[in-house]
Amino acid sequence: MTKTAAIILAAGKGTRMHSPHAKAWHAVAQRPMIKWVESACRAAGIDKIIAVVGHRQDELRAVLGDSVLYAEQKELLGTGHAVMQAMPAAAEVDTVIILSGDVPLIQGETIQKALQFHKAEGNAVTVMTAALENPTGYGRIVRDMDGQLLCITEQKDADAKTLQIKEVNSGMYCFRREALEQALQAVRADNAQGEYYLTDTIAILRAAGERTGAYCMEDAAEMGGVNDMLQLYEVDCIMRKRIAMRHMANGVHIWNMENTYIAPEVEIAAGAEIRPGCILNGNTKIAENAIVGPNTTLENCTVGMGTDIVETVAKDAVIGKNVHVGPFAYIRPGSQIGDNCKVGDFVEIKNATLGDCTKVSHLTYVGDADVGQKVNFGCGTVTVNYDGKIKHRTSIGNNAFIGCNTNLVAPVSVGDGAYIAAGSTITDAVPEETLAIARARQVIKENWTDKRNR
Ligand code: UD1
Ligand code: CA
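No experiment lies behind these values; they were computed from the predicted model shown.

Points about a nonpolar patch on the surface
Among the surface-exposed residues, Phe401, Tyr419, Leu435 and Ile437 lie close enough to one another that they form a single nonpolar patch of about 420 Å² accessible area. Residue placement: Phe401 occurs in strand E34 (residues 401-402).

A few points about the layout of surface pockets
In this structure, the largest pocket encloses a volume near 1200 Å³. For the largest pocket, the lining is made up of 41 residues, of which Arg16, Lys23, Thr79, Asp102 and Asn227 are closest to its centre. Those elements that place two or more of their residues in the lining of the largest pocket are strand E1 (4-10), helix H3 (79-86) and strand E10 (167-176). When residues in the lining of the largest pocket are grouped by element, the largest group, 4 residues, is from E10. A breakdown of the residues in the lining of the largest pocket according to their chemical character gives 13 nonpolar, 20 polar and 8 charged.

Focus: the coordination of the calcium ion (ligand 2)
Protein coordination at the calcium ion (ligand 2) comes from Asp102 (OD) and Asn227 (OD1), with a distance range of 2.5 Å. You can see Asp102 sitting in the loop between strand E6 (95-100) and helix H4 (108-121) and its partner Asn227 sitting in the loop between strand E11 (212-216) and helix H8 (229-249), a full 125 residues away along the chain. Residue Asp102 shares its accessibility class with Asn227, and that shared class is buried.

Structural notes on the site of ligand 1
Around ligand 1 sit 24 residues, and of these Gln73, Gly78, Thr79, Glu154 and Asn169 come closest. Between ligand 1 and Gly12 there is a distance of 2.8 Å, counted from an oxygen atom to a backbone nitrogen or oxygen. Lys23 is positioned such that a nitrogen or oxygen atom in its side chain is 3.5 Å from an oxygen atom of ligand 1. The fraction of the free accessible surface of ligand 1 (760 Å²) that becomes covered by protein chains is 89%. Taken atom by atom, the bulk of ligand 1 overlaps the largest pocket. Counting only elements with at least two residues in the shell around ligand 1, the list comes to E1, H3 and E10. Among the elements that take part in the shell around ligand 1, E10 stands out by supplying 3 residues, more than any other. Partitioning the shell around ligand 1 into residue classes produces 8 nonpolar, 12 polar and 4 charged.

Description of the packing of helix H1 (residues 33-43) against helix H2 (residues 57-64)
When two helices pack together, their arrangement is given by the angle between the helix axes and the distance between those axes. H2 packs onto H1 with a crossing angle of 45° between their chain directions and a minimal axis gap of 10 Å. Between H1 and H2, the angle is such that the two are oblique. You can see that H1 and H2 cross each other, and the crossing is right-handed. Contacts between H1 and H2 pair Ile34, Lys35 and Glu38 from the former with Leu60, Val63 and Leu64 from the latter. Each residue belonging to the contact of H1 with H2 can be placed in one class, and the counts come to 4 nonpolar, no polar and 2 charged.

Things to note about the pattern of salt bridges
In this structure the tally under the stated criterion is 23 salt bridges. One salt bridge connects Asp368 with Lys350, and the closest N-O pair in it is separated by 2.9 Å. One end of the pair, Asp368, is in the loop between strand E29 (359-367) and strand E30 (369-371); the other, Lys350, is in strand E27 (residues 342-350), with 18 residues separating them in the sequence. When its relative accessible area of 6% is taken as the criterion, Asp368 is described as buried. Salt bridges sharing common partners tie together Lys35, Glu38, Arg42 and Asp47.

Quick notes on the nonpolar core
Counting residues in each nonpolar core, the largest one holds 61 residues, and the members touching the most others are Leu280 and Ile286. Elements with a minimum of two residues in this core: H1, H8, strand E16 (278-281), strand E23 (317-319), E27, E29, E30 and strand E36 (412-414). Beyond its immediate sequence surroundings of up to four residues, Leu280 is in contact with Gln30, Tyr261, Ile262, Ala263, Val266, Ile268, Ile274, Ile286, Val292 and Leu298.

Concerning unusual backbone geometry
Here the amide bond leading from Gly293 into Pro294 is cis, since omega sits at 5°, within 30 degrees of zero. One non-glycine residue with positive phi stands out, namely Asn289, at about 60°. Structurally, Asn289 can be placed in the loop between strand E17 (285-286) and strand E18 (291-292). Under the relative-accessibility criterion, Asn289 is labelled partly exposed at 45%. The phi dihedral of Phe328 is positive, around 70°, even though this residue is not glycine. Mapped onto the elements of the fold, Phe328 is located in the loop between strand E24 (324-325) and strand E25 (330-331).

Basis of the calculations
Residues numbered from 1 in each chain as written. Chains lettered and ligands numbered in written order. Predicted model: local features only at pLDDT ≥ 70, side-chain atom pairs only at ≥ 80, totals over all residues. Heavy atoms only, no water. Patch = residues over 30% accessible without salt bridge, like charges linked within 9 Å, V, L, I, M, F, W, Y side chains within 5 Å. Areas by Shrake-Rupley, 256 points an atom, 1.4 Å probe, with all protein chains shown as cover. Salt bridge = Lys/Arg side-chain N within 4 Å of Asp/Glu carboxyl O. Helix = DSSP H or I, 4+ residues; strand = E, 2+ residues; numbered from the N terminus. 1 Å grid on protein atoms, 1.4 Å probe; cavity = no way out; pocket = protein on both sides within 12 Å on 5 of 7 lines; lining within 4 Å. Points joined across faces, edges and corners; volume = space filled by probe spheres on them. Nonpolar A, V, L, I, M, F, W, Y, C, P; charged D, E, K, R; others polar. Donors = N, O, S within 2.8 Å, 3.2 Å for Na, K, Ca; no water. Buried < 20%, exposed > 50% of the residue type's maximum accessible area, 1.4 Å probe, protein only. Near = heavy atom within 4 Å. Polar contact = N/O pair within 3.5 Å; in protein donor to acceptor, adjacent residues only side chain to side chain. Sits in = over half its atoms within 2 Å of the grid points. Axes fitted to C-alpha atoms, helices over the stretch in contact; angles between N-to-C directions. Parallel < 35°, antiparallel > 145°, perpendicular 65-115°, else oblique. Left-handed = near helix turned anticlockwise from the far one by under 90°. Contact = heavy atoms within 4.5 Å. Core = buried A, V, L, I, M, F, W, Y, C linked by side-chain atoms within 4.5 Å.

See the structure below:
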């Protein structure tokens, strides 16, 4: 049985990003770049993954957790030096695949194909390459008269003729482990950048009479590297398009994929419609025929069948079937909205349960509350849940009617079928089937205006 390990290089400073963060920590389609590379390895069936970390490794370790092994590169002396740090952790494998934390579009299937090619050819090293219209910045693939791979020359070390070459190094390679180990010992830092280049191992292996090959990738887009913020944007556009097209193939109507941001784990059922300006994050699940957007942000939300959500922000919430949400609602963590509800404009729901058919149509705050079915909230209701020290809950029974501009000072309860008169400040329990009026009685002063003007 041949064993394979993947080494993901991610220790570099990412100077051209001009960002205080680790380069591979930056997100593409709402997922850190290094996570994309990790998931491509998993999809290719490679479970031994070694991340080489250095600069801002705290961020990368926070993102990857203990799902991978780590090798620390204390001094950033180049890609060859980075790989050396990971070799002890790969001691028992036959094949090493090297990937880059800043090349996130690579797919598991492509890694598999490259590995198959590498083994079938019996190569010591197989470089994954692609032909680019604009090869600027990449290492060039130099072949001999017979088309055999000779060496890789970095942009900064290349002469005018070499710069003409369009076939470039993707920064991804398959190596026979023990050939890589030997070649690394011969790498020297005698180049324009004074670094130990991993790319030098190709010429070294070739000189040692080993077979060196190139696997030309079918889709050059998969090798798009991120060295600056503009490339981060370009790679993000490609990844978002890939995700949007997957949903479209499943029958989701996406109005404008350029302006839609769907995280990779989001599930959307056929017949749902995603309108422009939506950001769908985390484990959000959207059921059939739901309409989301425009301009809606959902994070870890479940949205029921036929529900529409307009210009809204919701997080960690479950929203039932045939619910109307928004425009301009804010649904916060711990909220559960039943079926056939309405959560209208300028309504905030926090850590609250709304039973089926309950309507909170406008300008209302429902926080820390357990609300029954078919409750009607008048405009401007507030659950007064905070006494300055702790939060208290409000409970409201089925079929209750909360008049406009009511304050419900928690802890307080309103019974089934109870009515509250508009403008009430409720501080005591309201029994079921009663009417509570908690406001001063209106006084009329006759001829008051006339007296004042005199
Ligand atoms: C590298 C390749 C180049 C290839 C390109 C593809 C070398 C010498 N050059 O160039 O041929 O076309 O990738 O994208 O390998 N890193 C470390 N430690 C270091 C230096 C780099 O871990 O000391 C990591 C970086 O964090 C990054 C990756 O290695 O994830 C590539 O480094 P980068 O500096 O971006 O190399 P390129 O100049 O893009
Ligand atoms: Ca790079």
